[in-house]
Amino acid sequence: MPAYTLTVNGEPRRFEAAADTPLLWVLRDILNLTGTKYGCGAGLCRACTIHLDGEASFSCQIPISAAEGRRVTTIEGLSPDRSHPLQQAWIEEDVPQCGYCQPGQIMSAAALLERTPSPSDDQIDAFMKSNLCRCGTYNRIRSAIRRAAQSKAATRASANEEAENHG
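What comes next is a walk through the structure.

Quick notes on the rules
- Residues numbered from 1 in each chain as written.
- Predicted model: local features only at pLDDT ≥ 70, side-chain atom pairs only at ≥ 80, totals over all residues.
- Heavy atoms only, no water.
- Phe/Tyr/Trp six-rings, centres within 6.5 Å; stacked < 30°, edge-to-face > 60°.
- Helix = DSSP H or I, 4+ residues; strand = E, 2+ residues; numbered from the N terminus.
- Buried < 20%, exposed > 50% of the residue type's maximum accessible area, 1.4 Å probe, protein only.
- Lys NZ or Arg CZ within 6 Å of the ring centre and 35° of its normal.
- Contact = heavy atoms within 4.5 Å.
- Polar contact = N/O pair within 3.5 Å; in protein donor to acceptor, adjacent residues only side chain to side chain.

**Remarks on the packing of aromatic side chains**
- Using the criterion set out here, one finds 2 aromatic pairs in the structure.
- Between the aromatic rings of Tyr4 and Phe15, the centroid separation amounts to 6.4 Å while the plane-to-plane angle is 35°, which identifies the pairing as tilted. Taken as a pair, Tyr4 in strand β1 (residues 3-8) and Phe15 in strand β2 (residues 11-16) lie far apart in primary sequence, 11 residues in all.
- A relative accessible area of 8% means that Tyr4 is categorised as buried.
- Between Trp25 and Tyr38, the aromatic rings sit 5.3 Å apart at their centres with planes inclined by 35°, giving tilted as the arrangement. Here the residue Trp25 occupies a position in helix α1 (residues 23-30), and Tyr38 occupies one in the loop between α1 and β3 (49-52), the gap between them amounting to 13 residues.
- On the basis of relative accessible area, Trp25 is assigned to the partly exposed category, the value being 30%.
- Over the ring of Phe58 we find Arg46, and its NZ or CZ is 3.9 Å from the ring centre.

Right, here's the structure in full:
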């Protein structure tokens, strides 16, 4: 079996796997990172969303051979202690019901906020529309994304103010 190296959540990881093994199964079964969920297996539900070199990607559709040498961030790598603004907003907005789709929802939302730091509701809806939630928590998801965007904006403003006061 071929050996592969990835940087997963900031750490180099080396392992063996068949070239056609989906990245999802490498993460879950070989690296024991079970936060990334299996949903449909066809890239339609987005439960398996991770970041591959900073872009939201569907890990069930990426063979490990295509991920060789790349950077992967999973829900576990977003923050070690749930302190990421999106994770905090998810808790404050009481988003999850069953919770199964939430790692994929959060990883997609993180990609959105990297591209569009202050998205409108229409931008949120357009970006998140393919992430399926059987429990229908879409309104709370939108509220949580808005809350996280505001939190990140406040943090940036505070950092800029502090830099000006010390500069």
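So much for the structure itself; the text now carries on.
**Considerations on the environment of Glu76**
- When you line up the elements, Glu76 lands in helix α3 (residues 75-78).
- Residue classification places Glu76 among the partly exposed residues on the basis of a relative accessible area of 30%.
- Between the C-alpha atom of Glu76 and that of Asn165, which follows or precedes it by 89 residues, the distance is 35 Å.
- Those residues in contact with Glu76 that lie beyond four places of it in its chain are Asn9, Leu33, Thr34, Gly35 and Thr36.
- Polar contacts involving the side chain of Glu76 include one to the side chain of Thr74, which spans 2.6 Å.

**What about the side chain of Asn131?**
- Structurally, Asn131 can be placed in the loop between α6 (121-128) and α7 (138-166).
- Accessibility expressed as a relative area gives 3% for Asn131, which makes it buried.
- A polar side-chain atom of Asn131 sits 3.2 Å from a polar atom in the side chain of Ser108.
- If sequence neighbours within four positions are ignored, Asn131 has contacts with Cys45, Arg46, Thr49, Gly104, Gln105, Ser108 and Tyr138.

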